[in-house]
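# Examination of the molecular architecture
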2 protein chains.
Amino acid sequence: MSTGKIMLVGLGPGSVEHMSGRARAAIAEADTVIGYVTYIRLVADLVEGKEVVKKSMTEELDRAIEALDRAKQGKKVALISSGDAGVYGMAGPTFEVLFQAGWTPDSDIEVEIIPGASALNTCAALVGAPLTHDFCAISLSDLLTPWPVIARRLHAAAASDFVVALYNPKSGRRARQIVEAQRLFLAHRRPDTPVAIVKSAYRPKQRIEFTTLEKMAESEIGMLSTVLIGNSNTFVRNGLMVTPRGYANKYDVESGTTRDGEKAGRSLSTGLNGWLESLRESGESAEELARRYALPVDYITAALADDAVEDDATAEGETFA
Amino acid sequence: MSTGKIMLVGLGPGSVEHMSGRARAAIAEADTVIGYVTYIRLVADLVEGKEVVKKSMTEELDRAIEALDRAKQGKKVALISSGDAGVYGMAGPTFEVLFQAGWTPDSDIEVEIIPGASALNTCAALVGAPLTHDFCAISLSDLLTPWPVIARRLHAAAASDFVVALYNPKSGRRARQIVEAQRLFLAHRRPDTPVAIVKSAYRPKQRIEFTTLEKMAESEIGMLSTVLIGNSNTFVRNGLMVTPRGYANKYDVESGTTRDGEKAGRSLSTGLNGWLESLRESGESAEELARRYALPVDYITAALADDAVEDDATAEGETFA
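A few points on the structure. Not measured: the values here are computed from a predicted model. (Residues numbered from 1 in each chain as written. Chains lettered and ligands numbered in written order. Predicted model: local features only at pLDDT ≥ 70, side-chain atom pairs only at ≥ 80, totals over all residues. Heavy atoms only, no water.)

## Describing the overall build of chain A
Rules: Here a strand is any run of E in DSSP of at least two residues, a helix any run of H or I of at least four, and the numbering for each starts at the N terminus. Three exposure classes are used, based on accessible area relative to the maximum for each residue type with a 1.4 Å probe and protein chains only: buried under 20%, partly exposed in between, and exposed over 50%. Throughout, a residue-residue contact means that at least one pair of heavy atoms, one from each residue, lies within 4.5 Å.
Scanning chain A for helices and strands turns up 11 helices and 13 strands. Dimensions of chain A, computed from C-alpha atoms along their principal axes, come out at roughly 70 × 45 × 40 Å. Out of the 321 residues belonging to chain A, those deemed buried represent 57%. Summarising the internal contacts of chain A: among those between residues at least 6 apart in sequence, 63% fall at separations of at least 24.

## Notes on the nonpolar core
Side chains of a nonpolar character, in soluble globular proteins, are inclined to be buried together. Quick reminder of the rule: Throughout this description, the term nonpolar core refers to a set of buried Ala, Val, Leu, Ile, Met, Phe, Trp, Tyr and Cys residues connected via side-chain atoms within 4.5 Å.
Judged by nonpolar contacts, the single largest core of 84 residues is most densely connected at Phe95 and Phe135 of chain A together with Phe95 and Phe135 of chain B. Setting aside residues no more than four positions away along its own chain, Phe135 of chain A makes contact with Leu120, Phe162 and Val163 of chain A together with Val87, Leu120, Phe135, Cys136 and Ala137 of chain B. Counting residues in hydrophobic clusters, the runner-up holds 70 residues, among them Leu140 of chain A together with Ala181, Leu213 and Ala290 of chain B.

## Brief notes about a nonpolar patch on the surface
Basically, it comes down to this: Patch members must show over 30% relative accessible area and no salt bridge, and they are joined within 9 Å when carrying like charges or within 5 Å when they are nonpolar side chains of Val, Leu, Ile, Met, Phe, Trp or Tyr. The Shrake-Rupley method, run with a 1.4 Å probe, gives the accessible areas here. Residue values count only the displayed protein chains as cover. Should a side-chain nitrogen of Lys or Arg be within 4 Å of a carboxyl oxygen of Asp or Glu, the pair is scored as a salt bridge.
Among the surface-exposed residues, Ile208, Phe210 and Val236 of chain A lie close enough to one another that they form a single nonpolar patch of about 210 Å² accessible area. Mapped onto the secondary structure, Ile208 of chain A falls in strand S10 (residues 207-212).

## Some remarks on the relation of the copies chain A and chain B
Where we set the bar: For the least-squares superposition of copies, only C-alpha atoms count, and only for residues with pLDDT at least 70 in both.
Of the two same-sequence chains, chain A is brought onto chain B (RMSD 0.0 Å, axial shift 0.0 Å) by a rotation of 180°. Here the two chains are linked by the operation of a two-fold rotation axis. When you check the interface residues of chain A against chain B, 100% turn up at the interface there too, and the contact is symmetric in its surfaces.

## Topic: the sheet that holds strand S13 (residues 240-242) of chain A
Backbone-to-backbone hydrogen bonds pair the strands of a sheet. The strands run either parallel or antiparallel. Using the following cut-off: Paired strands, in this sense, are two strands between which DSSP finds at least two bridges. Every axis corresponds to a line fitted to the C-alpha atoms, with the helix fit spanning only the stretch in contact, and the corresponding angles, defined between N-to-C directions, vary from 0 to 180 degrees.
Ordered by their spatial adjacency, 3 strands build an open sheet running S6-S13-S12 (chain A), and the pairing between neighbours is mixed. The sheet is open, and its two edges are formed by strand S6 (128-129) and strand S12 (235-237) of chain A, each paired on a single side. In terms of strand pairing, S6 of chain A meets S13 of chain A through 2 bridges, oriented parallel. Among the inter-strand pairings, Gly128 of chain A is bridged to a residue of S13 of chain A, identified as Met241 of chain A. Here helix H4 (residues 91-100) of chain B sits on the sheet and contacts S6, S12 and S13 of chain A; the angle it forms with S13 of chain A, its principal contact strand, is near 115°.

## Focus: the packing of helix H3 (residues 60-72) of chain A against helix H4 (residues 91-100) of chain A
Residue and element names in this part refer to chain A. Condition: Oblique is the label for any angle not under 35 degrees, not over 145, and not in the 65 to 115 range, which are roughly parallel, roughly antiparallel and roughly perpendicular in turn. Should the near helix be turned counterclockwise from the far one by less than a right angle, the crossing is left-handed, whereas a clockwise turn marks it as right-handed. Residues were grouped as follows: Ala, Val, Leu, Ile, Met, Phe, Trp, Tyr, Cys and Pro as nonpolar; Asp, Glu, Lys and Arg as charged; and all remaining residues, including Gly, as polar.
For the pair H3 and H4, interaxial distance at closest approach is 9 Å and the crossing angle is 55°. Between H3 and H4, the angle falls in the class oblique. Where H3 crosses over H4, the two elements pack in a sense that is right-handed. Contacts between H3 and H4 involve Glu60, Leu61, Ala64, Ile65 and Leu68 from the former and Pro93, Thr94, Val97 and Leu98 from the latter. In terms of residue class, the contact of H3 with H4 is built from 7 nonpolar, 1 polar and 1 charged.

## A short note on the environment of Arg24 of chain B
All names here are of chain B. Among the secondary structure elements, Arg24 is positioned in helix H1 (residues 21-29). Here Arg24 falls in the partly exposed class, since its relative accessible area comes to 28%. Along the primary structure Arg24 and Asp45 are separated by 21 residues, whereas in three dimensions their C-alpha atoms are 11 Å apart. Beyond its immediate sequence surroundings of up to four residues, Arg24 is in contact with Val16, Met19, Asp45 and Leu46.

## Focus: helix H10 (residues 286-293) of chain B
Selection criterion: Starting at the helix axis, one direction is taken to each C-beta atom, and the arc is that of these directions.
Taken as a whole, H10 of chain B has its buried residues at Ala286, Leu289, Ala290 and Tyr293 of chain B. Down the axis of H10 of chain B, the smallest arc covering the buried residues is 100°, so these residues share one side. Residues of H10 of chain B that are buried sit in contact with helix H6 (147-159) of chain A together with helix H9 (272-282) and helix H11 (297-305) of chain B. Just beyond H10 of chain B, the residue with positive phi is Ala294 of chain B, at close to 50°.

## Examining the packing of helix H10 (residues 286-293) of chain A against helix H11 (residues 297-305) of chain A
All names here are of chain A. Their axes nearest at 8 Å, the elements H10 and H11 cross at an angle of 115°. Considering the relative orientation of H10 and H11, their crossing is right-handed. Note on element contacts: H11 touches H10 through Val297, Ile300, Thr301 and Leu304, opposite Ala286, Glu287, Leu289 and Ala290.

So this is what it looks like as structure tokens:
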């Protein structure tokens, strides 16, 4: 029997020019292309002459089972997802089905995952630079995830000042989840926190709306929307949503010189070592410090007890100065 | 004066085949290509005959200033980043410099951001399907971010069971941050939680290591590594790291039938509406419920007080069943 292959292809946003060369080649190489109808339509020009299996949104496991079935016959199968195949995409369900069927990587069926820009990357590119600092992706769909799990993540992300991308924010049956998300965020973020809602990024029906945390639930949001919520430093200027990286923590923005006590290419004075030193010098109890910094008291105690000394002798580049 | 242009190009992982068509076209279209030396080397074949400005890691603002300078002369400039230009990339610093210089989108200088697959997408594609559920990206670099901010995010992500991608996990000068991250995670996750460390994804020196939360600090980690930490359900099987989407919450895995009380295409019985109903029926106080579900008491109170009724009448697709 010839060797079959399953290729999990991330299309990126859905316009042909934003697909990777490898994604196009994988579809070209395939005997069978399987995907949600909308995604098949996005690559219509590439699938001519191939077996095409169109599935509805809710048939992820079916898609994976069909892919395995074809691959067992020695076929090459492209399972296509918009965005990245790994981010809430087909890669997970496919491995679950493959493992269930006893598949191993050294079997006759090869599996390749072809990464793509996911919705958070492409939506961010259209609204400015909201993801310049730490961010989370949270799906508001409770079809497979209990709500308390989702709510805890929303609360944690809001409290610790992540930029957040909400996937599957709303559907015909799920209108209240976005309201609950807003409620959890408003407990920690200003009502005027910038929010961008991007629908069908880089596709003909693309729609971008800027709003605020306070008003976001009033906006038009659907299953093809991604909602980006800024952190406490995110701003909108000239129609662009930008999260600063933090240069102002180290440099005087006007003159470009480093602030007192800071050094280019070095950790901030409030970086790990400087911070630990300030804790030691404060004379405060671990409980007081934990309250002040909103960190677990056990963590403060353990970090202070650990006298591992930082090796400051070697020099190496750093992504951000 | 002719119109200048700044194109913020995300290269993806760095192999030519994983670049998007638009990223290649943008570099081809450019008069000047500016980037960190390593990234310039990745696209060496595309930059022949162009002005090339190589910068070191720590010169992001300089790169943006040089780009603006060229664009003012009517040049087209490609500012290249590996991964996605928006994720800890050049998009943020560039807008900061542009705004500082008084630039507006209707000025003579056009700005385009070209999204790419970021390190978390490409590293995930190489290790299996770790990002099938909610995830965070956290940079461990304290060069521009105070450590307590980073620590609070690590703690929050660990406590609320996100899959986490650590960017800039370690450098010659910063060896202890990864140990502190591990400490914060071990307070919430099992010591055997799967961890993957991916270096130079899709490049000649690619290196993948599977380890566990307990042992990750002993691994070889550097500035070109991304560290992926699984959530409480993530497993490694046959050398693949997979985070389940949650089908087992709804379906019997053997037979494929839905579990008692669950319906295909509908929210889980523990989804928002079912959960709220169970809270109302429990007869417990908001304080007891808050403790049980590890959610703020204010949230429990507000959600119960809100008698917005879910509209269950319309039907629409959902990404996950």
